[in-house]
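Overview (structure and organization)
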Amino acid sequence: MAEKECGFAPLVFRLHGGAPLVVREVLLERGWEEYDEDEQEEGDWNLYWRSSGFRNSDYKNILPWQRLNHHLKMTHITHKDYLARHLRRMKSAFGAALYDFSPAAFILPNEYTKFLGVYTKNRTTDGGKSCYWICKPVHLSRGRGIFLFKDIKDLVYDSSVIIQRYISNPLLISGYKFDLRIYVCVKSFCPLVIYMHQEGLVRFATEKYTLASLDNLYSHLTNTSINKFGLCYAMDKERVGRGCKWTMSKFRSFLHKQDINELLLWHRISNIITLTLLAAVPCIPSNPNCLELLGFDILIDSSYKPWLLEVNHSPALSLDCPADVTVKKGLINDIIDLMNYRMMDGFRQKEDLRKRYTRSGRWYLKPQIPLLPKTLHATPSGNRSWNRSISTSSSSQDTVLCSVNDCARNNSRYASRPVHPNSKSTMCSGHEKAPQKLEKMNIEVESDDLKLTTLNSTRQAHRNTPSSVFKLPSLHIHKLKSPTVPWNRRTQDRDIPPCRVGDFILTFPFNEATWKASQDQVDVKAIVNEVRKLTNRLGSSFNEKKRTKADSSQSCNAVRDKFEFLLWGPKDPPLLSECYSSNSETK
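Small disclaimer: the values here were computed from a predicted structure and weren't measured.

1. Thoughts on the environment of R14
Along the polypeptide, R14 turns up in strand β1 (residues 12-15). Taking the C-alpha atoms as reference points, R14 and E33, separated by 19 residues in sequence, lie 8.8 Å from one another. Discounting residues that sit within four places of it in the chain, R14 has contacts with Y35, E42, W45, L47, Y48 and W49. Of note is the side chain of R14, whose polar atom sits 3.1 Å from the side chain of E42.

As structure tokens, then:
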């Protein structure tokens, strides 16, 4: 395996068939190497990325230096029918006022009778005017199988579908419908840690919006997989331009010119993501070495109210236009930064360490367990490092071959202790027993920069020491086992997460109370209450058109604690504490 110029082993990524090409491109640019199953061992990788889910065994066998790009059981939030059930349950438990961001949904055929009752009631109460409905197949994506209808006689389906009230008054830009693709990274479910990316995509329909033709998908759907085949896709459309995508930065510029409260809109979208994920928290086990990238589709109506359309598992990362390149390459880079790789993770196993310091030709006999009595070892000088004992067989025949030249060239990664030149020892032969008192070999590894103690003194000691203290190598050399790495799943992610990583903004937890409530068993009720409090505070603040500096300073001092969190959405995200009004604190 090639080594970086800095001397550390490179990180290795493993891609499953169908994985996005941009992932490979970004990782190679960062100096990673791609996993080769013919040359490398099964666990000799750091990141396994695949579009589909992993097997249960993949989660059980995960090693400390490895990361997976999916959590287990994410279908509880990414399947349309599961999502509808969870949101319905949360609405019943915590009130429709808080969970009012998803249109009424019915899962057919099981809930056909219930839907028929609501459909009939709407026709009666609206004076014969029926509302519009949208039908989506439960297990399909990218807009496949979706259609709109107004009359129930047009409802035809041959598989499980979900029917939702169609939001017929969307916000339009120059007559074109659009929605927002928000990229959300869930780093952990216990504790719950949510990051939202500042850059996202604005996806446009390629024909102007009209309710006169419900069968025109280019007018009502914003999926790129559909609109790129439209006749107007390559045309220079008014204000929208060519194609069907904007970056979120361009959308912010559009919002800035509107007479609306931008901060309130961003906060409402952030609330939708948090409350949606809370609905699935009890069903999804947490693994500190996994994270999940989700694509939330948000529609904004004409009154600037955001609605949740669906949650996408493995959102598309193909590069179809300049907006994709701008957003998605930065997104992947920030995801890798969120994975918290350490320099030590490059040394995936002790076998990898051995390979770095072996060289064909000249070999040096290095015992896997020192074959000398404890009295022959000198105490090494103190270094700020941690020691990990490697338990092996006490047989006198177990040895490891290491190259002296490579050890010296690589600044001697293995720690060893010099042999006393005047020590007494008998000649070891194949028929004689090994010494009774042996001690286990310690490998001293620097936890931050991986600099290990040198072998210069050891090399000189071996040159001056009679060969009688060593035993001839066995014809059968045992393979090194992976080292035992200190790793506690329960305490792995207990540190307060950073409020920003690249363009990822931490949106949950957002204060000390939510951080405590998300530890161990997530207290959903306590978290929902905190979300409600925050919404009331910010709502009161945002409604005040004029605030003085004194008010802002006073409010910040009133609510600030050791946690400092940002408000996702604006170009320069402010601290949440700076958005509180003094009035909202006294209420």
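2. Considerations on the sheet that holds strand β8 (residues 161-165)
Taken in spatial order, the four strands line up as β5-β8-β6-β7 in an open sheet, and their pairing is antiparallel. Two strands in the sheet have a free side with no partner beyond their single neighbour: β5 (105-108) and β7 (147-149). Averaged over all neighbouring strand pairs, the angle between strand axes comes to 25°, with direction disregarded. Here strand β6 (residues 133-137) pairs with β8 via five bridges, running antiparallel.

3. Focus on the packing of helix α1 (residues 21-29) against helix α10 (residues 322-338)
The interhelical angle for the contact between α1 and α10, taken along N-to-C directions, is 60°, at an axis separation of 10 Å. Here α1 is positioned oblique relative to α10, judged by the angle of their axes. Between α1 and α10 lies a crossing of right-handed hand. Within the contact between the two elements, α1 uses V22, V23, E25, V26, L27 and E29 and α10 uses K329, I332, N333 and I336. In terms of residue class, the contact of α1 with α10 is built from six nonpolar, one polar and three charged.

4. Examining the layout of surface pockets
Estimated volume of the largest pocket: approximately 1,100 Å³. Elements represented by at least two residues in the lining of the largest pocket include exactly α3 (75-78), β10 (176-189), β12 (201-204), α7 (224-227), β14 (292-300) and β15 (306-313). Broken down by element, the lining of the largest pocket gets its largest block of residues, four residues, from β15. Considered class by class, the residues forming the lining of the largest pocket number 15 nonpolar, 18 polar and twelve charged.

5. Quick look at the sheet that holds strand β2 (residues 33-34)
Strands sit in the order β2-β1-β3-β4 across an open sheet of four strands; the sheet is parallel. The sheet is open, and its two edges are formed by β2 and β4 (67-68), each paired on a single side. Pairing between β1 and strand β3 (residues 47-49): three bridges, direction parallel. Looking at the pairing, L15 lines up with W49 of β3. Lying over the sheet, α1 contacts β1, β2 and β3, oriented at roughly 170° with respect to β1.

6. Examining the environment of V26
Tracing the backbone through its elements, the reader meets V26 in helix α1. Ignoring anything within four residues of it in the chain, the contact list for V26 reads K329, I332 and N333.

7. Describing the pairing of β12
The side-chain alternation of β12 yields two buried faces, one formed by L201 and R203 and the other by V202 and F204. Two elements, β10 and β12, share four bridges in a ladder whose sense is antiparallel. When the bridges of β12 are listed, D179 appears paired with R203. For β12 and strand β13 (residues 245-247), the ladder comprises three bridges, and the chain directions are antiparallel. Counted as the bridge partner of R203 is K245 from β13.

8. Side note on the packing of aromatic side chains
The final tally for this structure, using the stated rule, is 20 aromatic pairs. Here the aromatic rings of Y99 and F101 are separated by 5.5 Å at their centres, their planes lie at 40°, and the arrangement is tilted. As far as burial versus exposure is concerned, Y99 and F101 are alike and both buried. In this structure an aromatic cluster arises from ring pairing among F178, F204, W246, F251, F254, W266 and W568. Directly above the aromatic system of W307 lies the positively charged group of K305, at a separation of 4.2 Å from the ring centroid.

9. A few points about the pattern of salt bridges
The final tally for this structure, using the stated rule, is 19 salt bridges. We note a salt bridge from R203 to D179, for which the minimum N-O separation is 2.9 Å. Of this pair, R203 sits in strand β12 while D179 sits in strand β10; the two residues are 24 residues apart in sequence, bridging distant segments of the chain. On the accessibility criterion, R203 (8% relative accessible area) is buried. Beyond isolated ion pairs, a larger network of salt bridges with shared partners links D179, R181, R203 and D297.

Criteria and thresholds
- Starting afresh in each chain, residues are numbered from 1 along the sequence in its written order.
- pLDDT decides what is reported in this predicted model: residues at 70 or higher carry local features, side-chain atom pairs at 80 or more are listed and counted, and totals for whole chains, interfaces and linings draw on all residues regardless.
- Neither water nor hydrogens contribute to the side-chain values; these are computed over all heavy atoms in the structure.
- To qualify as a helix, a DSSP run of H or I must reach at least 4 residues; to qualify as a strand, a run of E must reach at least 2; elements of each kind are numbered from the N terminus.
- Working rule for contacts: check all heavy atoms of both residues, and any pair within 4.5 Å makes them a contact.
- Side-chain atoms alone can form a polar contact between residues adjacent in sequence; in general such a contact is a pair of N or O atoms within 3.5 Å, and within protein one must be able to donate a hydrogen while the other accepts it.
- Pairing between strands is defined by DSSP: at least two bridges between the two strands are required.
- For helices, the fitted line uses only the C-alpha atoms of the stretch in contact; every axis is such a line through C-alpha atoms, and the angle between N-to-C directions lies from 0 to 180 degrees.
- Should an angle fall under 35 degrees it is taken as roughly parallel, and over 145 as roughly antiparallel, whereas 65 to 115 is taken as roughly perpendicular and any remaining angle as oblique.
- The sense of a crossing depends on the near helix, which, turned anticlockwise from the far helix by less than a right angle, makes the crossing left-handed and, turned clockwise, makes it right-handed.
- Three categories are distinguished: nonpolar for Ala, Val, Leu, Ile, Met, Phe, Trp, Tyr, Cys and Pro, charged for Asp, Glu, Lys and Arg, and polar for the others, with Gly belonging to the last.
- Definitions used for this entry: grid spacing 1 Å over protein atoms alone; cavity, a set of points where a 1.4 Å probe fits but cannot get out; pocket, an open set with protein on both sides within 12 Å along at least 5 of 7 lines; lining residue, one with an atom within 4 Å of a point.
- Grid points are joined across faces, edges and corners, and a volume is the space filled by probe spheres set on the points.
- Relative accessible area decides the class of each residue, using a 1.4 Å probe on protein chains only: under 20% of the type maximum gives buried, over 50% gives exposed, and in between gives partly exposed.
- Each Phe, Tyr or Trp ring (for Trp, its six-membered ring) is paired with any other whose centre lies within 6.5 Å, and the angle between the two planes then decides the class: stacked below 30 degrees, edge-to-face above 60, tilted in between.
- For a ring to carry a charge above it, either NZ of a lysine or CZ of an arginine must fall within 6 Å of the ring centroid while also lying within 35 degrees of the normal to the ring plane.
- The salt bridge criterion pairs a side-chain nitrogen of Lys or Arg with a carboxyl oxygen of Asp or Glu, the two atoms within 4 Å.

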